[in-house]
Amino acid sequence: MTSPWIPVEPLQDEAFRQVRRRAIFDCCKWDPQVGDHSVIARHPLVITREAWTDVTRLARALASETLAAEAELVRRPDLHHDLGLPRSTRAALKAAAAAPSPGAARLIRFDFHFTPDGWRISEANADVPGGLNEASGFPLLMGPHYPWAASVGDPAAAYVAALLAVARPGSAVAMVHATSYSDDQQMMTFIAERLERAGVRAHLCSPSHLRWRDGRASLEAAWWRGPLDLVVRFFPADWLGALPRDCGSQHLFANAVTPLSNPATAIVVQSKRFPLVWDRLDTPLPTWRALLPETRKPGDVPWRGSSDWVLKPVLGRVGEGIGIAGLVEAAEWRKIARGATWFPRVWVAQRRFETLPVEIGGRAVYPCLGVYTVDHEVVGAYGRIGSRPLIDSHAQDAAVLAA
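The structure presented is a predicted model; accordingly, all values stated were derived computationally and were not measured.

Novice: With reference to specific residues and values, describe the overall build of the protein.
Specialist: A count of helices and strands for the protein gives nine helices and 22 strands. Its C-alpha atoms give the protein a radius of gyration of 21 Å, within 12% of the compact-globule value 22 Å for 403 residues. Along the first, second and third principal axes, the C-alpha atoms of the protein reach 60 × 50 × 40 Å. Put simply, of all contacts in the protein between residues at least 6 apart along the chain, 74% involve residues at least 24 apart. Looking at the protein as shown, the accessible area adds up to about 16,600 Å², and 51% of this sits on carbon and sulfur atoms. The distance from the centre of the 45 positive side-chain charges to the centre of the 42 negative ones in the protein is 4 Å.

Novice: Let's hear about empty space enclosed by the protein: which residues, and what values?
Specialist: Applying the stated rule across the entire model yields two cavities of 30 Å³ or more. Taken together, Ser122, Glu123, Ala124, Val269, Gln270, Ser271, Lys272, Phe274, Pro275, Trp288, Leu292 and Gln350 form the lining of the largest cavity. Breaking the lining of the largest cavity down by element, the ones donating at least two residues are β5 (118–125) and α7 (267–270). Counting residues per element, the lining of the largest cavity draws most heavily on β5, which supplies three residues. Here the lining of the largest cavity is composed, by residue class, of six nonpolar, four polar and two charged. The wall of the second largest cavity is formed by 13 residues, among which Leu107, Tyr159, Met187, Arg233 and Phe234 lie closest to the centre.

Novice: I'd like a description of the environment of Trp288, backed by residues and values.
Specialist: Mapping Trp288 onto the fold places it in helix α8 (residues 286–291). Considered as a pair, Trp288 and Val46 are 242 residues apart in the sequence and their alpha carbons are 25 Å apart. When sequence neighbours within four positions are dropped, the list of residues in contact with Trp288 reads Leu62, Glu65, Thr66, Phe110, Ile121, Ala124, Phe274 and Trp278.

Novice: Explain the packing of helix α4 (residues 132–142) against helix α6 (residues 182–197) to me, using residue names and the numbers behind them.
Specialist: Helix-helix packing is described using two parameters, namely the angle between the two axes and the distance between the axes. Contact geometry of α4 with α6 gives a least axis separation of 8 Å together with a crossing angle of 65°. Between α4, through Leu132, Asn133, Glu134, Ser136 and Gly137, and α6, the contact on the second element is made entirely by Gln186, Met187, Phe190, Ile191 and Arg194. Of the residues contributing to the contact of α4 with α6, the split by class is four nonpolar, four polar and two charged.

Novice: Quick one: what's the story with the nonpolar core, residue by residue and with numbers?
Specialist: One finds Phe112, Trp119, Phe274, Trp288 and Leu369 to be the most contacted residues of the largest nonpolar core, which totals 77 residues. Counting residues per element, this core draws most heavily on helix α2 (residues 49–74), which supplies 11 residues. Membership of the second largest hydrophobic core comes to 29 residues, among which are Leu107, Leu132, Ala135 and Met188.

Analysis parameters
- Each chain carries its own residue numbering, running from 1 in the direction its sequence is written.
- Two thresholds apply to this predicted model, a pLDDT of at least 70 for residue-level local features and 80 or more for giving and counting side-chain atom pairs, whereas whole-chain, interface and lining totals are computed over all residues.
- Only hydrogens and water are removed before side-chain values are computed, so all heavy atoms of the structure are retained for them.
- Each helix corresponds to a stretch of at least 4 residues labelled H or I by DSSP, and each strand to a stretch of at least 2 residues labelled E; elements are numbered beginning at the N terminus.
- Atoms counted for the radius of gyration: C-alpha only. Globule rule: 2.2 Å times the number of residues to the power 0.38.
- We call two residues contacting when some pair of their heavy atoms lies within 4.5 Å.
- Using the Shrake-Rupley algorithm and a 1.4 Å probe, accessible areas are obtained, with residue cover drawn only from the displayed protein chains.
- When charges are tallied, Lys and Arg are placed among the positive residues and Asp and Glu among the negative ones, while His and the ends of the chain are skipped.
- Positions of charges follow a simple convention, taking NZ of Lys, CZ of Arg, CG of Asp or CD of Glu.
- A pocket here means an open set of points on a 1 Å grid, computed over the protein atoms alone, that has protein on both sides within 12 Å along at least five of seven lines. A cavity is instead a set of points where a 1.4 Å probe fits but cannot get out; residues with an atom within 4 Å of a point line either one.
- Grid points are joined across faces, edges and corners, and a volume is the space filled by probe spheres set on the points.
- Charged residues are taken to be Asp, Glu, Lys and Arg, nonpolar residues to be Ala, Val, Leu, Ile, Met, Phe, Trp, Tyr, Cys and Pro, and polar residues to be all remaining types, Gly included.
- Helix axes use the C-alpha atoms of the stretch in contact, all axes being lines fitted to C-alpha atoms, and the angles between their N-to-C directions lie in the range 0 to 180 degrees.
- Only buried residues count toward a nonpolar core. Its members are Ala, Val, Leu, Ile, Met, Phe, Trp, Tyr and Cys residues joined through side-chain atoms within 4.5 Å.
- Residue exposure (1.4 Å probe, protein chains only): buried if accessible area is under 20% of the type maximum, exposed if over 50%, otherwise partly exposed.

Listed below in C-alpha cells is the structure:
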C-alpha cells in the first residue's frame, strides 16, 4: 500500500533553534521539553494531497456521526453507566436529557494512523481537544523551510471564526481551563489573543470563577465581573463534579442559556467505551465502525500477556495510562494491568493495529495525524510523532504540511 507520508530532511541546528524560539513566543508553546527531551519535531509531517483529500472525507463523516450520536446519547441516561462515566457526571447528564445546554462552534479532533489496511483512528477528542496553538502556529514556522509544501489549514482561525458567529465585537467571553496546567493555558491564551484582535473581551479563568443566574453565565473574578456572552471550555467534563456547587458547573451540561463551546455533554462520545453502546443506538455509525479497531470490555478478551490488545483508561488523555504488553515498561504495565483487573468499568481493551512508520533523518518514526473539525467541517490538522508505536507525552508535536 502506498504510504501517505513524504519523507523530509530535518532542520539543521541553527534553523531549528530559530523555529523553537518562535514556537515559544509566537505560538505560546511554553513547554517545549519533557525533561531533557524536546517535544517539538525538527521536521514537518508531510502528507500527500491525495491522502489528505481521503482523510478529509473520512473526518467529515466522523464529525457528522459523532454529533448525531452525542445528541442521542444525551437523551439515553440508561446507557451512561455503561460509558464508564463518574457518578457526578452521570447525575449532571441526567438533567441534560430534558434540557441540554446549547452548544456553539463544536470542536473535535480525530486521531488518524496509517496501517497496512489503510487509515484507522485510535480515538476522538470530543470533549476538550487541544493542540490548536501548535496546529496553527507551527506550519507558519516550518513552511518557509519546505516551500514545496503547504499548510492543510488553520484550525485556530476557523475555530475563532465560528466563535465570532456567537460572540460579536464587544462581547465578553470566558476562556475556562484548568489553570494549573501550562499546556491548557497556552492554548487558551493563543485563542484569546485572536479573539481580542477581533474586538472580543476574552477572560482567561477557571470554572470556579463562573456564576449562573437563570441559566445565564457571569464572571466573578478579581480582575473583572460581569455577564458573559459565551463560555469556551477547556476543562475536562469529568473533572467538573469535584468543583464547589456555587460554581454552577452543572449548567455546563444542562439548563444554560449562555452558549458553550464545547458543552460538557460531549463527554458521552469522549468516553472510550462509546463503541460498547453502538448496537443500542439508532444513530448509524458506518465510518466509526470502519475506522475504529474492535473495542471490548477488558474481561471479554485475553489481553494478559498478549500484545494483540491495547488497554486504555476510559477517560485518559494525551496517551496517559495506555498499556501495550512488551512495549511499555514492566512496572508501568503491571500498574495498568492491576487497574484494568480491579476497576474494569473504567477501562477498555482495543485491538491493536500496526502503524506504518516513515523514515525521517535516518530513523523510523510513527506519525499520528490529529484532524480537527469545527461543527461538520474539516479545518486543519495537528501532527504528533513517536519514536515507538505509542503516542504519549514524549511524542513530538509537528507541523502538518501537504504536497
